[in-house]
Amino acid sequence: MTPTRLGDLRISGERLWASLCETAQFGAIPGTDRGMCRITLSDEDIAVRRWFVAACEAVGMSVTTDQIGTIYARRPGSDADLAPIAIGSHLDTQPTGGRFDGILGVLAGLELVRTLHDAGITTRHPIEVINWTNEEGARFAPAMVASGVFAGEFTLDHALAQTDRDGVTLGEALARSGFAGDELPGGHRLAAHFELHIEQGPVLEAEGLEIGVVSGVQGIRWYDVTVRGQTCHAGTTPMHLRRDALHAAARLALAVDAIGRSDPGASLSTIGLFQAYPGSRNTAPGEVRLTVDLRHPQVPGLDTMEAALRRAIEALQAELRVAITLTPVWSSPPVEFDPDVLSAIAAATRRLGYSHRTMQSGAGHDSVYTARVAPTGMIFVPCEQGISHNIAENITPAQAEQGANVLLQAVLDYDRGANA
Ligand SMILES: [Zn+2]
């Protein structure tokens, strides 16, 4: 088969949609249009795993699982020395989730292999479709735990010891499921990792675009802030003698908002929690506790935002005679995806004629961890009103088809062009 004809190859949108609808029976929430509850290693998750294994074996793939239950379905390539090009995401859902988050990425991988199978095409690299265990983190914390173990972020023992709310460990749930395999997570190399996913945000839909070429995942820093002033009587304390913690916190809230607007398109800032004490109508608050969430695609950007936050705090302390403590509680560094994988995705998108933009992911994905051990990139398709982790989550058959076609063409490009 010539490269030109490979470039003409398309997945079957109808077959992909049928798989999405068929697997939605495993965990469909009764009385909802599209709601799904398929918690990691529940009976429903076990059922969809069995369906997935059978579907992969039906097109000649060999299926293995590792010691944390991640499923690897492999189609051989023509060059036995090459590591597989992986297409991975997750089949588990939130307790009140939808039928596309993660699922689209796995089933599009299956559809890609079915397409190659029907056309009689052998790639140079093996193709491996991966269902990562417990991406959602809804039953066992943390999220993305299996890809995290694969990449060396968590140890296997640590992950298997995590318990659900009934005290069942991930290891016990895995043993019950029959999906505990022999391979050590991370025990084999990946030539690349591609992940197709719904955007889970409103940007593509708002801009009327069909595809997001995801260049990375933004960094996140969380802080707890306490503002301490002096509680005082609302009727007897002149304004100029007050040390009103709420006044200072309100000024800080404006500063935090300005920090989020300082680098348009990149910086984001949020105060998600804001509580004044003691909480009485005729008492000026002596203490306010609030949270700050800063996000930016680059470390220097995060540093600049944090420095601005610290300056604002110092200025308010001096001006308003309050004491403000800033405590960092969590930090997740930004991830930049691989330029070769991204250029394969962008080239495929252009050839297919789909409108697109480059964008960052605001949410975490298994690709965050695979990026540490393999060249990685992601493709987004829009979802209705940006809604996800919700029974209203929805996409159109055309959106699923377009995303899977980009995946197919990008993987074929990467197979021919890179990492020989
Ligand atoms: Zn997901």
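Given the structure is predicted, the values throughout are model-derived calculations rather than measurements.

Asks: So what exactly am I meant to see when it comes to the overall build of the protein chain here?
Replies: Each helix and strand in the protein chain was counted, giving 13 helices and 16 strands. In summary, the protein chain has a C-alpha radius of gyration of 24 Å against a globular reference of 22 Å for 420 residues, a match within 12%. Viewed in the frame of its principal axes, the protein chain has a C-alpha envelope of about 85 × 45 × 40 Å. Restricting the contact set of the protein chain to residue pairs at least 6 apart, pairs at least 24 apart contribute 79%. Total accessible area computed for the protein chain in this model is approximately 17,500 Å², and 51% of it derives from carbon and sulfur atoms. A gap of 5 Å separates the mean positions of the 33 positive and 49 negative side-chain charges of the protein chain.

Asks: Just checking my understanding: could you explain the coordination of the zinc ion for this structure?
Replies: Ideal geometry at a metal centre: 109.5 degrees between donors when four sit tetrahedrally, and 90 or 180 degrees when six sit octahedrally. Protein-derived ligands of the zinc ion are H90 (NE2), D101 (OD) and H197 (NE2), with the metal-ligand distances lying across 2.1 to 2.2 Å. Every donor residue of the zinc ion comes from the same chain, spaced as H-x10-D-x95-H. With H90 in the loop between β3 (85–89) and α4 (103–119) and H197 in strand β5 (residues 192–198), this pair connects stretches of sequence that are 107 residues apart. Here H90 matches H197 in class, with each residue buried.

Asks: Would you take a moment to explain the packing of α4 against helix α13 (residues 397–417) for this structure?
Replies: Two quantities define a packed helix pair, namely the angle between the helix axes and the distance between the axes. Look at α4 against α13: their axes get within 10 Å of each other, and the N-to-C directions meet at 60°. Our classification of the angle between α4 and α13 gives oblique. Remark: the crossing between α4 and α13 carries right-handed chirality. Seen from α4, the contacting residues are L104, A108, G109, L112, T115 and L116; seen from α13, they are A400, A404, L407, L408, V411 and L412.

Asks: Please clarify how the domain arrangement of the protein chain should be interpreted in this entry.
Replies: Where the parts come together, the accessible area they lose is often given as the size of the interface. We note that the domain assignment places domain 1 (3–218 + 334–416) and domain 2 (219–332) within the protein chain. Inter-centroid distance (C-alpha atoms) of domain 1 to domain 2 is 39 Å. Listed as interface residues are five residues of domain 1 and, on the opposing side, ten residues of domain 2. Interface area for domain 1 against domain 2, summed over the two sides, is near 560 Å², with a carbon-plus-sulfur share of 54%. The tally of links between domain 1 and domain 2 comes to zero salt bridges.

Asks: Sorry, what's going on with the layout of surface pockets here?
Replies: Regions of empty space are outlined by a rolling probe, equal in size to a water molecule, passed over the atoms. The space that makes up the largest pocket amounts to roughly 610 Å³. Forming the boundary of the largest pocket are 27 residues, of which A143, M144, W330, G364 and H365 lie nearest the centre. Contributions of two or more residues to the lining of the largest pocket are made by β7 (219–228), β13 (323–332) and α12 (366–370). Here the lining of the largest pocket takes three residues from β13, the largest share from any one element. In the lining of the largest pocket, the residues fall into 13 nonpolar, eight polar and six charged. Taken domain by domain, the makeup of the lining of the largest pocket includes at least three residues from each of domain 1 (3–218 + 334–416) and domain 2 (219–332). Here the second largest pocket is characterised by a volume of approximately 410 Å³. What lines the second largest pocket is a set of 20 residues, among which V203, Q218, M359, Q360 and G362 lie closest to the centre.

Asks: Looking at this model, I keep getting lost on the side chain of H188. Mind explaining?
Replies: Relative to the helices and strands, H188 is located in the loop between α7 (170–177) and β5. Its relative accessible area of 16% is what places H188 among the buried residues. Among the polar contacts made by the side chain of H188, one reaches the side chain of E183 at a distance of 2.6 Å. In contact with H188, not counting residues within four places along its chain, are Y72, R74, P84, E128, F150 and E183.

The rules we used
Counting restarts for each chain, with residues numbered from 1 along the sequence as it is written. Only residues with pLDDT of at least 70 are given local features in this predicted model, and only at 80 or more are side-chain atom pairs given and counted; all residues enter the totals for whole chains, interfaces and linings. Only hydrogens and water are set aside; all other atoms, that is, all heavy atoms of the structure, feed into the side-chain values. The numbering of helices and of strands both runs from the N terminus, where a helix is a DSSP run of H or I of at least 4 residues and a strand a run of E of at least 2. The reference for a compact globule is 2.2 Å times residues^0.38; the radius of gyration itself is calculated from the C-alpha atoms. Contacts are assigned to residue pairs that have any heavy atoms within 4.5 Å of one another. Residue burial considers only the protein chains on display, and all accessible areas are found by Shrake-Rupley using a 1.4 Å probe. Asp and Glu are treated as the negative residues and Lys and Arg as the positive ones, with His and the ends of the chain left uncounted. Note on charges: their place is set at NZ of Lys, CZ of Arg, CG of Asp or CD of Glu. We call an atom a donor if it is N, O or S and sits within 2.8 Å of the metal, or 3.2 Å for Na, K and Ca. Water is not counted, so some sites may look partial. A 1.4 Å probe rolled over the protein chains alone gives each residue an accessible area, and that area as a share of the maximum for its type sets the label: buried under 20%, exposed over 50%, partly exposed in between. Fitted lines through C-alpha atoms serve as axes, helices being fitted only where they are in contact, and the angles separating the N-to-C directions of these axes extend from 0 to 180 degrees. Every angle not falling under 35 degrees, over 145, or within 65 to 115 is termed oblique; those three ranges are roughly parallel, roughly antiparallel and roughly perpendicular. Crossings are classed by handedness, with left-handed meaning an anticlockwise turn of the near helix from the far one by less than a right angle and right-handed meaning a clockwise turn. All domain edges in this entry derive from an automatic or database-based domain assignment. Accessible-area loss on putting two parts together, using a 1.4 Å probe and summing over both, is the definition of buried area adopted here. Salt bridges are defined as contacts in which a side-chain nitrogen from Lys or Arg sits within 4 Å of a carboxyl oxygen from Asp or Glu. Every definition here rests on a 1 Å grid over the protein atoms only: cavities are sets of points where a 1.4 Å probe fits but cannot get out, pockets are open sets enclosed by protein on both sides within 12 Å along at least five of seven lines, and lining residues have some atom within 4 Å of a point. Grid points are joined across faces, edges and corners, and a volume is the space filled by probe spheres set on the points. Amino acids are sorted into nonpolar (Ala, Val, Leu, Ile, Met, Phe, Trp, Tyr, Cys and Pro), charged (Asp, Glu, Lys and Arg) and polar (every other residue, Gly among them). Two N or O atoms form a polar contact when they lie within 3.5 Å of each other; inside protein one atom must be a possible hydrogen donor and the other a possible acceptor, and for residues adjacent in sequence the pair counts only when both atoms belong to side chains.

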